[in-house]
Amino acid sequence: MTDAAIPSAFDLTGRIALITGSSRGIGRAIAHGLASAGATVVLHGRDPERLEQTRAEFAADFDAPRGQAGSVHEGQQYGPRVHAVAFDITDAAAVASGIAHVEATVGPIQVLVNNAGIQHRVPLLDLAVEDWNRVLDTNLTSAFLVGREVARGMVARGRGKIINVASVQTDLARETIAPYTVSKGGIRNLTRAMTAEWARHDIQVNAIAPGYIHTEMTQKLVDDEQFNSWIIGRTPAKRWGTTDDIVGPALWLASDASNFVNGQTIFIDGGMTVTV
Ligand SMILES: NC(=O)c1ccc[n+]([C@@H]2O[C@H](COP(=O)([O-])OP(=O)(O)OC[C@H]3O[C@@H](n4cnc5c(N)ncnc54)[C@H](O)[C@@H]3O)[C@@H](O)[C@H]2O)c1
């Protein structure tokens, strides 16, 4: 999509967007889409090498001069529209200093996408409490921690957009993924709780709930012939989703085109959650 093709309500020129877990997968696609709509993007991840690789690719697409090198640890400014920062979203102190660093070096965050997440597949009877906590911390508590730090500035400025990444597992359970299902169910109600307190400050908080999307997180499932054909059969659209399928709804919720949309969870699932 070129800037010229984007209607003005979807234009993000001059807005700063932080997308957690954006060195790959769905987060990367969302970050690329928001940058294509004019946003200044702050890429985020844990693995500095992977983050730097994505940062360089984005810089080639969006920044001039192109592809300056540097350390992602220091969150340096690389050019006008692409930045990168590494911190652990499960560590409250790291989140606070990471957000403060972004706002001091890049500027006020106007769009936050709480995207980073993990999966852990094991039957409930075999599930260790440490793994339960790790999934809940990474997928749910992190959205509270990052959302809280970013919302402090949004509330003070009286404007902002927060997009939490949920899942079809927000609505549907499946064997072996209990903590993931619980975390994504929690994301829907966290989105509602944030709305209850922050909508009055002109902050729109919504969630997007992807269906089965082919990424590194789901590669094992794609490779499993039986599971793969079950997914295709179970999805009315008869295919896996792609990361590009997520970009349009994310752009809508990041932009002025959704200024009276509050607390919703938008399923992007090829119809999976409306059929048996
Ligand atoms: N792929 C799917 O089918 C699917 C479906 C529904 C929802 N989702 C959700 O979409 C989001 C992205 O999924 P994906 O498929 O792109 O996964 P992915 O594994 O490709 O990417 C996840 C990203 O999160 C980052 N991350 C994980 N833990 C982190 C931590 N503690 N601190 C900082 N970064 C951390 C990883 O480094 C990675 O960049 C997740 O929230 C996932 O639950 C995915």
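Anything mentioned here points back to the structure above.
In short, a report on the structure. This is a predicted model, so every value here is computed, not measured. Numbering of residues starts from 1 in every chain and runs along the sequence as written. The model is predicted, so local features are restricted to residues of pLDDT at least 70 and side-chain atom pairs to those at 80 or more, both for listing and for counting; the totals for chains, interfaces and linings are taken over all residues. Computation of side-chain values covers all heavy atoms of the structure but excludes hydrogens and water.

## Quick look at unusual backbone geometry
- Here the phi dihedral of T176 falls at roughly 80°; this positive angle occurs in a residue that is not glycine.
- Here T176 lies in the loop between β5 (160-165) and α5 (178-198).
- The exposure class assigned to T176 is partly exposed, which follows from its relative accessible area of 28%.
- Unlike most non-glycine residues, D202 shows phi in positive territory, near 60°.
- Numbering of helices and strands runs from the N terminus; a helix is a DSSP stretch of H or I covering at least four residues, while a strand is a stretch of E covering at least two. On the secondary structure map, D202 appears in the loop between α5 and β6 (203-210). Exposure classes here rest on a 1.4 Å probe applied to the protein chains alone. A residue is buried below 20% of its type maximum, exposed above 50%, and partly exposed in between.

## Things to note about the site of the ligand
- For the ligand, the set of nearby residues contains 28 residues, the closest of which are R24, N115, Y180, I213 and T215.
- With respect to the ligand, the backbone of I26 contributes an N or O atom lying 2.8 Å from an oxygen atom.
- Each polar contact in these results corresponds to two N or O atoms within 3.5 Å; when the atoms are within protein, one needs to be able to donate a hydrogen and the other to accept it, and residues that are neighboring in sequence are counted only if both atoms are side-chain atoms. The side chain of R46 places a nitrogen or oxygen atom 3.4 Å from a nitrogen atom of the ligand.
- Each accessible area is a Shrake-Rupley result for a 1.4 Å probe, and residues are judged covered by the shown protein chains and nothing else. Coverage of the ligand by the protein amounts to 95% of the 830 Å² it exposes when considered alone.
- Those elements that place two or more of their residues in the shell around the ligand are α1 (25-36) and α5. We call a residue near a molecule or strand as soon as one heavy atom of that residue lies within 4 Å of the molecule or strand.

## Side note on the nonpolar core
- For this analysis, a nonpolar core means a set of buried residues of the types Ala, Val, Leu, Ile, Met, Phe, Trp, Tyr and Cys, connected via side-chain atoms within 4.5 Å. Residues L18, I99 and V146 are the most contacted members of the largest nonpolar core, which totals 31 residues.
- Among the secondary structure elements, those contributing two or more residues to this core are β1 (16-19), α3 (92-105), α4 (129-157), α5 and β6.
- Note on contacts: a residue pair is in contact if any heavy atoms of the two residues lie within 4.5 Å. In contact with L18, other than residues within four places in its own chain, are V42, H44, V85, I99, I109, V111, L112, V113 and V146.
- In terms of nonpolar packing, the next biggest core, distinct from the first, is built from 30 residues, I26, A31, F58 and I246 among them.

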